[in-house]
Amino acid sequence: MPPPADIVKVAIEWPGAFPKLMEIDQKKPLSSIIKEVCDGWSLANHDQFALQHADSSNFYITEKNRNEIKNGAILRLTTSPAQNAQQLHERIQSSSMDAKLEALKDLANYSRDITFAQEFINLDGISLLTQMVESGTDQISHFGDMLSFTLTAFVELMDHGIVSWDTFSVAFIKKIASYVNKFASDISILQRSLAILESMVLNSHDLYQKVAQEITIGQLIPHLQGTDQEIQTYTIAVINALFLKAPDDKRQEMANILAQKQLRSIILTHVIRAQRAINNEMAHQLYVLQVLTFNLLEDRMMTKMDPQDQAQRDIIFELRRIAFDAESEPNNSSGSIEKRKSMYTRDYKKLGFINHVNPAMDFTQTPPGMLALDNMLYFAKHHQDAYIRIVLENSSREDKHECPFGRSSIELTKMLCEILKVGELPSETCNDFHPMFFTHDRSFEEFFCICIQLLNKTWKEMRATSEDFNKVMQVVKEQIMRALTTKPSSLDQFKSKLQNLSYTEILKIRQSERMNQEDFQSRPILELKEKIQPEILELIKQQRLNRLVEGTCFRKLNSRRRQDKFWYCRLSPNHKVLHYGDLEESPQGEVPHDSLQDKLPVADIKAVVTGKDCPHMKEKGALKQNKEVLELAFSILYDSSGQLNFIAPDKHEYCVWTDGLNALLGKDMLSDLTRNDLDTLLSMEIKLRLLDLENIQIPDAPPPIPKEPSNYDFVYDCN
């Protein structure tokens, strides 16, 4: 008799019959189980049948996924994937428009299942769908609905990564591109057309060139001016894909076209400042566009200055002229060459260059290369008063506290490139876009202008000298990073945030953080910490378990990042069962236990693994290479080969779930979040307990024990 762990009790449905309750032996071949079910209903040709989940997913049960069947599951006996694929292949070619429409609707639904998709693709189903699209005409009744379901089925089939994108014809691309304009008012067709164009561009170099010829930025811009955020998201995704895959020598040209079409202004007005919340996918696409835009600076950032290039040298002359025009000699030709050289050397020193004789040598380091000189010239021309004030203010000082404008600008440009990760490819999971960078056509230069004035202000507040240069740069970086964290909506708001982050304020913040992290290191305090730490850890454990009881919505990922497929998982209030199940859309609040079809007893959990040890990270090569996704992955292992795979929505949820699951298993909570919470709560608890000892110095060691008396012949005489 097989062990209980290998037996699953299920109900199996068949149209027109009462559900059959039976026990499935997971060690028996699936074909034998299907034959047994068919025999129970006297159905011949059992090889033409298969089992399927009876929920809305309609996913087929195979030898690979059969371990996902849980006790109490409801299954359905249905036609096999091969048989179903053959029937649908014939039905979608029906001469009846109504029958064809129903067949395409079913195909769009079934194509989500990779088992069915493989069978349908084996019948050359993708070619059939592309032919239907290429030969379609909008004069046919039901054409809009038919096209919508056809494109939906196509997208679902291609999402499985079975068929290469390189196989599609120019006629098909032209047809899809034409739908972007023709069906601007049909949301479903427009959405799927944009999704197909994005996938073509991202997955094939040849298709990128063909799509770029068929679709223009001007055709995409109107879709950003609508009110449907999903269409706006797909539109920006296509623009990002074209931007990302464009050859290096074409990216600046494309950026110029985007500027001409006022893309930034349109996004700012119709997306960022629209009266609605920005969802995660839109935030990601805006982040990608922000990164790709800043990456246009990489060429200048990695270009060294040629000291022999007169045009480049003229920029330095222009910086000098703007700063010292009033002090220049009326006639530059007068005086000896040596005198002019001496004057230039003096001025270049005032400008704060390291090499006073030939400042061109200061721009031979990459990064920041010529980008630093570009920023300096922009500041001098567009913020001339501020530029002259900074240069003259520091050039007239005699107390060694002058802030070197040239050196500062070069190091600041390098720092800003590091902060904004100029030259790095966008992350697959990051949503960190900054609205203020969409408020100006020259946002990086304006960003620099604000920060160089901040640097000069901080330098004065710190009363710094040249020996303190690195310390000042560290403070300035902290000021910038703290201001960026607040996500200011405009450059002016960013400037205001910096005004509130003076050097004095930074010192206060540092002191406060140091009190939380480093203070109370004396022996008595450490002993007190050790005593109360178990209480704090128990409090953190309860918080983690409470969060698991609330549950979390997880997004399903595959080779394409964007998928509107979700599943939810939560712990039962008694901490004994994990409830989980698929969702049609992201929930607005908690999902009730009874709406989640699947269960996993906590007692069955064998282990929790993370990162590259997760089964789904080993199976999916595309995800395995993605560092961000890898850092958010964890899996629950149960039974002999059962697994429940997760990709957390963010690092915080990852820490909460891995901590909570480890706590359920009686293991230590080792996440960064637990360490931070422990430090914070310990510090707060100790401060509360030491309130009565304010301003009283605590000794490092306990007082000495007095010597024993010479004798014990003493007594208290009450008389």
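Note that the structure is predicted; figures quoted are calculated from it, not measured. (Residues numbered from 1 in each chain as written. Predicted model: local features only at pLDDT ≥ 70, side-chain atom pairs only at ≥ 80, totals over all residues. Heavy atoms only, no water.)

A. Inspection of helix 8 (residues 187-203) at higher detail. Taking 1.5 Å per residue, 17 residues should reach 24 Å; helix 8 reaches 24 Å between its end C-alpha atoms and fits that length. By the criterion of burial, helix 8 is predominantly enclosed, with 13 of the 17 residues buried. (Helix = DSSP H or I, 4+ residues; strand = E, 2+ residues; numbered from the N terminus. Expected span 1.5 Å × (residues − 1). Buried < 20%, exposed > 50% of the residue type's maximum accessible area, 1.4 Å probe, protein only.)

B. Highlighting the packing of aromatic side chains. Counted according to the given criterion, the structure contains 31 aromatic pairs. When the centroid spacing of 5.5 Å and the interplanar angle of 70° are considered together, the rings of Phe554 and Trp657 count as edge-to-face. In this pair, Phe554 sits in strand 5 (residues 552-555) while Trp657 sits in helix 29 (residues 651-664), placing the two residues 103 residues apart along the sequence. Grouping residues by exposure puts Phe554 and Trp657 together as buried. When the ring of Phe634 is compared with that of Tyr654, the centres are 6.0 Å apart and the planes differ by 70°; the resulting orientation is edge-to-face. Here the residue Phe634 occupies a position in strand 10 (residues 633-638), and Tyr654 occupies one in helix 29, the gap between them amounting to 20 residues. Taken individually, Phe634 and Tyr654 each receive the classification buried, so the pair is uniform in this respect. These aromatic residues form a ring-pair network of at least three members: Phe554, Trp567, Tyr580, Phe634, Phe646, Tyr654 and Trp657. In this structure, Lys20 is placed above the aromatic ring of Trp41, and the distance from its NZ or CZ to the ring centre is 4.8 Å. Its guanidinium or amino end placed over the ring of Phe469, Arg407 lies 3.8 Å from that ring's centre, counting from NZ or CZ. (Phe/Tyr/Trp six-rings, centres within 6.5 Å; stacked < 30°, edge-to-face > 60°. Lys NZ or Arg CZ within 6 Å of the ring centre and 35° of its normal.)

C. Up close: the nonpolar core. Judged by nonpolar contacts, the single largest core of 83 residues is most densely connected at Leu129 and Ile267. Excluding residues that lie within four positions of it along the chain, Leu129 makes contacts with Ile92, Leu104, Leu107, Phe120, Thr150, Ala153, Phe154 and Leu157. Core analysis: the second largest hydrophobic core is formed by 67 residues, Met305, Ala372, Leu416 and Val475 among them. (Core = buried A, V, L, I, M, F, W, Y, C linked by side-chain atoms within 4.5 Å. Contact = heavy atoms within 4.5 Å.)

D. Region of interest: the sheet that holds strand 11 (residues 642-647). Ordered by their spatial adjacency, three strands build an open sheet running 9-10-11, and the pairing between neighbours is antiparallel. Each of the sheet's edge strands pairs with one partner strand only, and the pair in question is strand 9 (605-610) and strand 11. Neighbour to neighbour, the strand axes of the sheet diverge by 15° on average, direction disregarded. Examined bridge by bridge, strand 9 and strand 10 share five bridges and lie antiparallel to one another. Within strand 10, the residue paired with Thr610 across the bridge is Phe634. Against the sheet, helix 29 touches strand 9, strand 10 and strand 11, its axis set at about 25° to strand 10. (Pairing = 2+ DSSP bridges. Axes fitted to C-alpha atoms, helices over the stretch in contact; angles between N-to-C directions.)

E. Up close: the pattern of salt bridges. Applying the stated criterion across every chain, the model contains 24 salt bridges. The residue Arg300 makes a salt bridge to Asp374 at a minimum N-O spacing of 2.8 Å. Of this pair, Arg300 sits in helix 15 (residues 298-301) while Asp374 sits in helix 18 (residues 370-382), and the two are 74 residues apart along the sequence. Here Arg346 and Asp347 are joined by a salt bridge, their closest N and O atoms 3.3 Å apart. Each of Arg320, Arg346 and Asp347 takes part in salt bridges that share partners, so that together they form one network. (Salt bridge = Lys/Arg side-chain N within 4 Å of Asp/Glu carboxyl O.)

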